[in-house]
Amino acid sequence: MATQIHPTAVVEPGAELDHDVVVGPFCYVGPEVKIGAGSELLLHASVLGPTTLGRDNRVFPHATLGAEPQDRSYRGEPTLLSIGDGNVFREQVSVHRGTVKGGGCTRIADRCLLMVGAHVAHDCVVESDAVLTNLTTLGGHVVVEPSVVCGGHVAVAPFVRLGRGCFVAGGARVERDVPPFVIAQGDRARVRALNRVGLERLGVPDASRKALERAFRLLWRSREPLAVALEQVHAELGQDELVAELVRFIRPRLPALAVVDRASA
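Residues numbered from 1 in each chain as written. Predicted model: local features only at pLDDT ≥ 70, side-chain atom pairs only at ≥ 80, totals over all residues. Heavy atoms only, no water.

## Topic: the layout of surface pockets
Any space left empty among the atoms is revealed by the rolling of a water-sized probe across them. In this model, the largest pocket occupies a volume close to 220 Å³. Surrounding the largest pocket, 15 residues form its lining, Ser147, Val149, Asn195, Gly198 and Arg201 being those nearest its centre. Here the lining of the largest pocket gets three residues from one element, more than from any other, and that element is helix 1 (residues 196–201). Classifying every residue of the lining of the largest pocket gives eight nonpolar, four polar and three charged. (1 Å grid on protein atoms, 1.4 Å probe; cavity = no way out; pocket = protein on both sides within 12 Å on 5 of 7 lines; lining within 4 Å. Points joined across faces, edges and corners; volume = space filled by probe spheres on them. Helix = DSSP H or I, 4+ residues; strand = E, 2+ residues; numbered from the N terminus. Nonpolar A, V, L, I, M, F, W, Y, C, P; charged D, E, K, R; others polar.)

## Section: the pattern of salt bridges
For the coordinates displayed, the defined rule picks out 14 salt bridges. The partner of Arg90 in a salt bridge is Glu91, and the shortest N-O contact between them spans 3.0 Å. Residue classification places Arg90 among the partly exposed residues on the basis of a relative accessible area of 29%. Its relative accessible area of 23% is what places Glu91 among the partly exposed residues. Of the charged contacts, one joins Asp177 and Arg253 as a salt bridge, the two residues approaching to 2.5 Å between their closest N and O atoms. Of this pair, Asp177 sits in the loop between strand 26 (173–174) and strand 27 (182–185) while Arg253 sits in the segment after helix 4 (241–250), and the two are 76 residues apart along the sequence. Relative accessible area serves as the criterion here: at 16%, Asp177 is assigned to the buried category. Through salt bridges with shared partners, a single network forms among Glu175, Asp187 and Arg188. (Salt bridge = Lys/Arg side-chain N within 4 Å of Asp/Glu carboxyl O. Buried < 20%, exposed > 50% of the residue type's maximum accessible area, 1.4 Å probe, protein only.)

## A few points about the pairing of strand 15 (residues 105–108)
Only one face of strand 15 is covered, namely the one carrying Thr106 and Ile108; the face carrying Cys105 and Arg107 has none of its residues buried. Where strand 12 (residues 80–83) lies against strand 15, four bridges are found, and the strand directions are parallel. Within strand 15, the position partnered with Ile83 by the bridge is Ile108. Here strand 15 runs beside strand 18 (residues 125–126); their pairing, made up of two bridges, is parallel. Its bridge partner being in strand 18, Ile108 is matched across the sheet by Val126. (Pairing = 2+ DSSP bridges.)

This is the structure:
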């Protein structure tokens, strides 16, 4: 199927549209934008540049991708927004380009779902299969690892990292890194439980799930200091790949990982 551009849409000279791209009514595509095959912009969607979209992305009404970063140090440099394949950007989503001081690129991988009003700030990295529910806000330089789910109205402070497969409950205010495979909730967010539903969705084998449950009890339910419990987990369960991933995430963050406050877990 040939590319379709509605008569009311504006596609600036210099924009590159692959085959099967659909640009709907009143959309805007900037001059330094590349859009991959099969992608669709519904009405009133805007893609500014420099921005690259991969294949089969859908951009819903009033979403804006690739606008300048909201950073006082930004001086008009040609930074980038890079988006992979198969993502969905719902109504009023905003994703900003990077800054020079942050590496110059905001990146969203593949198959992510950004629901109504979600915001991804400059220099963020959102890995594949992440879900940012309505009005989730990521501050600058946030890293979202694969298969993370954020509930509605979650706010994540700049430079925070959300570990793979974690779930951040609705309304959470996240100021420190969240380990993989757990549920974090609250103001300020703290670890509450193992993300058993997430592990099931990821297809984690029973043996690894049991190992993670044991690791969780040692780390967040025992009376040992966290550093001691972490070494016990490593010695007893570290042969499990997912437990090893959890240990690798926590160990370098011990001094500042607020979500390991077990008194409130």
